[in-house]
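Reading the structure
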Amino acid sequence: MESLELVVVIGTAILAMGWLARRTGISEPLLLLAAGGLLGLAPAFDSVSLEPEVVLLLFLPALLYWEALTSSVREIRSNLRSIALQSTGLVIATAATVALAAHALGYTWPIAFVLGAVLAPTDAAAVAAVATAMPRRILTMLRTESLLNDGTALVLLAVTVEVATDDQAFSWGRTAFDFAGSYAGGILVGASVAVVLLAVRRHLRDALLHSVLSVATPFIAFLPAELLHVSGVLAVVTCGLVTTRMGPRVISSQARIQAVAFWQVTSHLLNGALFVLVGLQLPAACRALSSVSLMQAAAAAVLISVVVFGTRAVWFYTMPYVIRLLDRRPGQRARRISAIQRLPLAWAGMRGAISLAAALTVPAVTADGRIVQQRDAVVFITAVVIVVSLTVMGPTLPAVVRRARYPKDEDPARELALAHRHLGASALAALPGLAAQHHVDEDTASRIAQHISERAGLSADEAVGNRQSLGLDLLDVKRQALADLRDQGQIDDMVLRRVQEYLDVEELRLSRTTSSHDHTAEV
């Protein structure tokens, strides 16, 4: 019953805080965090704990998969160097600076590096919730960084926890080998799973089964990666990106409509639940403090917060200049952004439930039965850094974005217009042959051609009978032309999804009209 009560309370909090955020303009993650904190003070919920396995094995794969599905593969490829540096180099730099600061405050080196690994990654849910109104390139860099840096941080955490609990000596060679093996293995597993599941999808005719497979996909990718001790994060992200690239040619419109609707609702619920659960842990983290006083831990947490966000700021205001010295190609010069335009990248370093779950995975005792000293402080400091990031960085990020004064990103609108024209031209070119195939008279075909031209390729037909079949075939032509345009790099994956949504809705309308017409004829 307690579990059911918790589910109801969290669901109510998500609904209420979502409504309040829309009425007041206050950051929704911040309201959810506050709601969780208030719930954590209630006696009925003071014993509720955030199970790290639930976050890392249930929430994380699902959220990463949806973020990957809605990412831009072309933009990721164009900014791969920056993304790779942020998701690896910045993670290691943050872990190192946090460890130095924690050790200076009196924490042992092993536990200091554990704290650094825990706080190193940004959180995909937290970043996605506030990182809006940015140009497509900047937004893609932030989202992809938050997708990939979890994998780096979790590998680093595993190494540091072994050192802290098993008295093993740290080895740069072993750590580098673990990183390389985890990354390569995760990418290989994710790509393999995606290819196999897409082959399965080709033989599925039931849209409901397609949706079931879509729900299961992130866990199917995550499980073998974990069993092979490689990065489950990279496996899920790679699987999502491969599905994004190949899915439009395989997945039916009805299945896609169902899956998108499911994932939009589910991701919102999971994100909201994570923020509430983090808030629930705040009172418990305070009560669990025993190795240091509350004031000492709070002061350490504030200092560590400054180190975490300071490291990120230093990174974004030094690394670009290093790259400029090494790469002076004209193409790279054209992609440079000003110092003020880098500020949102430096500011959007929110931490979230992944860091707290990682802190909670640190064992309470060592391999030989000794208590892990200062573990309680690690959990408390992590919780405070999360709160600081969500209360300070999150609400102020929109103002920082406005201050950056990014030039208007006209590429999406231009590519959308290009897609409309190209689809219309492809449909018009195929119309005569398809009209003859479906025995549609010349006058009707002419009206259809005019309709396609007027709508710039977003609709196909407007009547019944053979003309519905013609309309469905024209939609297939458009869908193929759309995928070709994306594969040629002339439009982005985000533009493809936007146009694809129109085509899917139109196909659903035509299919229903055809079914209704057939039923009427039978009657």
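Here, the structure is the one placed above.
Report follows, based on the coordinates. (Residues numbered from 1 in each chain as written. Predicted model: local features only at pLDDT ≥ 70, side-chain atom pairs only at ≥ 80, totals over all residues. Heavy atoms only, no water.)

1. So, the overall build of the chain
Here is the rule: Secondary structure elements are defined from DSSP: runs of H or I of at least 4 residues count as helices, runs of E of at least 2 residues count as strands, and each element is numbered from the N terminus. For this measure, only C-alpha atoms enter the radius of gyration; the expected value for a globule follows 2.2 Å times N^0.38, where N is the number of residues. For each residue, the accessible area found with a 1.4 Å probe, counting protein chains only, is set against the maximum for its type, and the residue is called buried under 20%, exposed over 50%, and partly exposed in between. Whether two residues are in contact is decided by their heavy atoms: any pair within 4.5 Å suffices. Using a 1.4 Å probe, accessible areas were evaluated by the Shrake-Rupley method; residue-level cover was limited to the displayed protein chains. Residues scored as positive are Lys and Arg, those scored as negative are Asp and Glu, and His as well as the terminal groups of each chain are ignored. Lys charges are placed at NZ, Arg charges at CZ, Asp charges at CG and Glu charges at CD.
When helices and strands are tallied, the chain shows 22 helices and zero strands. Relative to the compact-globule value of 24 Å for 523 residues, the chain shows a C-alpha radius of gyration of 26 Å, a close match. Taking the principal axes of its C-alpha atoms as reference, the chain extends roughly 85 × 65 × 45 Å. Within the chain, buried positions represent 52% of all 523 residues. In the chain, once contacts between residues fewer than 6 apart in sequence are set aside, the share between residues at least 24 apart is 80%. Summed over its atoms, the accessible surface of the chain is roughly 23400 Å², and 65% of this surface lies on carbon and sulfur atoms. Across the chain, the 43 positively charged side chains and the 42 negatively charged ones have centroids separated by 10 Å.

2. A short note on helix α8 (residues 136-166)
As a reminder of what qualifies: Take the number of residues in a helix, subtract one, and multiply by 1.5 Å to get its expected span.
End to end, α8 covers 45 Å across 31 residues, agreeing with the expected 45 Å (1.5 Å per residue, within 8%). In terms of burial, α8 is largely enclosed, as 26 of its 31 residues are buried.

3. What to know about the side chain of arginine 375
Formally: Put simply, a salt bridge is a Lys or Arg side-chain nitrogen that is within 4 Å of an Asp or Glu carboxyl oxygen. Between N or O atoms, a polar contact is any pair within 3.5 Å; within protein, one atom must be a potential hydrogen donor and the other a potential acceptor, and residues adjacent in sequence are included only when both atoms are from side chains.
For arginine 375, the location among the structural elements is in helix α18 (residues 375-404). One buried charged residue, arginine 375, forms no salt bridge at all, with the nearest opposite charge on aspartate 376 at 7.5 Å. Within the structure, the side chain of arginine 375 is placed 2.9 Å from the backbone oxygen of leucine 360, a separation counted as a polar contact. In contact with arginine 375, other than residues within four places in its own chain, are Ala359, Leu360, Val362, Pro363 and Ala364.

4. With respect to unusual backbone geometry
At histidine 229, a residue that is not glycine, the phi angle is positive and equals roughly 60 degrees. The class for histidine 229 is exposed, based on a relative accessible area of 71%. Even without being a glycine, glutamine 374 presents a positive backbone phi close to 70 degrees. With respect to the helices and strands, glutamine 374 occurs in the loop between α17 (353-360) and α18. Taking relative accessible area as the criterion, glutamine 374 reaches 15% and is therefore assigned buried.

5. A short note on the packing of aromatic side chains
The condition is simple: We call Phe, Tyr and Trp rings a pair once their centres come within 6.5 Å, taking the six-membered ring for Trp, and we label the pair stacked below 30 degrees between planes, edge-to-face above 60, and tilted otherwise.
One pass over the structure, following the stated rule, counts three aromatic pairs. Among the aromatic residues, ring-to-ring pairing joins Tyr65, Phe262 and Trp263 into one connected group.

6. Observations regarding the environment of serine 214
Mapped onto the fold, serine 214 is located in helix α10 (residues 207-227). When the C-alpha atoms of serine 214 and alanine 259 are compared, they prove to be 6.8 Å apart, with 45 residues separating the residues in sequence.

7. Here's the deal with the nonpolar core
Operational definition: Among buried residues, the Ala, Val, Leu, Ile, Met, Phe, Trp, Tyr and Cys ones that are joined through side-chain atoms within 4.5 Å form a nonpolar core.
Among the nonpolar cores identified, the biggest contains 129 residues, and Leu64, Val114, Leu115, Leu119, Ile304, Met350 and Ile381 are the most heavily contacted of them. For this core, the leading source of residues is α18, giving 14 residues. Not counting chain neighbours up to four residues away, the residues in contact with isoleucine 304 comprise Val98, Ala101, Ala102, Leu105, Leu115, Leu119, Ile381 and Val385. One finds Leu423, Leu485, Leu496 and Leu503 within the second-largest nonpolar core, a separate group that totals 13 residues.

8. Details of the packing of α10 against helix α12 (residues 253-287)
Stated formally: To define axes, lines are fitted to C-alpha atoms, for helices over the stretch in contact only, and angles between the resulting N-to-C directions are given on a 0 to 180 degree scale. Roughly parallel covers angles under 35 degrees, roughly antiparallel covers those over 145, roughly perpendicular covers 65 to 115, and oblique covers all other angles. Each crossing gets its hand from how the near helix is turned against the far one by less than a right angle, where anticlockwise is left-handed and clockwise is right-handed. Under the scheme applied here, ten amino acids are nonpolar (Ala, Val, Leu, Ile, Met, Phe, Trp, Tyr, Cys and Pro), four are charged (Asp, Glu, Lys and Arg), and all others, including Gly, are polar.
Between α10 and α12, the shortest axis-to-axis distance is 8 Å and the interhelical angle comes to 45 degrees. Regarding the angle of α10 to α12, the classification is oblique. Crossing geometry of α10 relative to α12 is assigned as right-handed. Where α10 abuts α12, its residues Ala207, Leu208, His210, Ser211, Ser214, Val215 and Pro218 lie against Gln254, Ala255, Gln258, Ala259, Phe262 and Trp263. Among the residues forming the contact of α10 with α12, the class breakdown is eight nonpolar, five polar and no charged.

9. Some points on a nonpolar patch on the surface
The following threshold applies: Patch criteria: residues need more than 30% relative accessible area and no salt bridge. Like-charged residues are merged within 9 Å; nonpolar side chains of Val, Leu, Ile, Met, Phe, Trp and Tyr are merged within 5 Å.
A contiguous nonpolar patch, built from Leu100, Trp109 and Phe113 and spanning about 290 Å² of accessible area, is present on the exposed surface. Within the element layout of this structure, tryptophan 109 appears in helix α6 (residues 109-119). A relative accessible area of 37% means that tryptophan 109 is categorised as partly exposed.

10. A few points about the side chain of serine 146
Among the secondary structure elements, serine 146 is positioned in helix α8. On the accessibility criterion, serine 146 (1% relative accessible area) is buried. One polar contact links the side chain of serine 146 to the main-chain carbonyl oxygen of arginine 143, over a distance of 2.7 Å. Beyond its immediate chain neighbours, meaning those up to four positions away, serine 146 contacts Thr122, Asp123, Ala124 and Val127.

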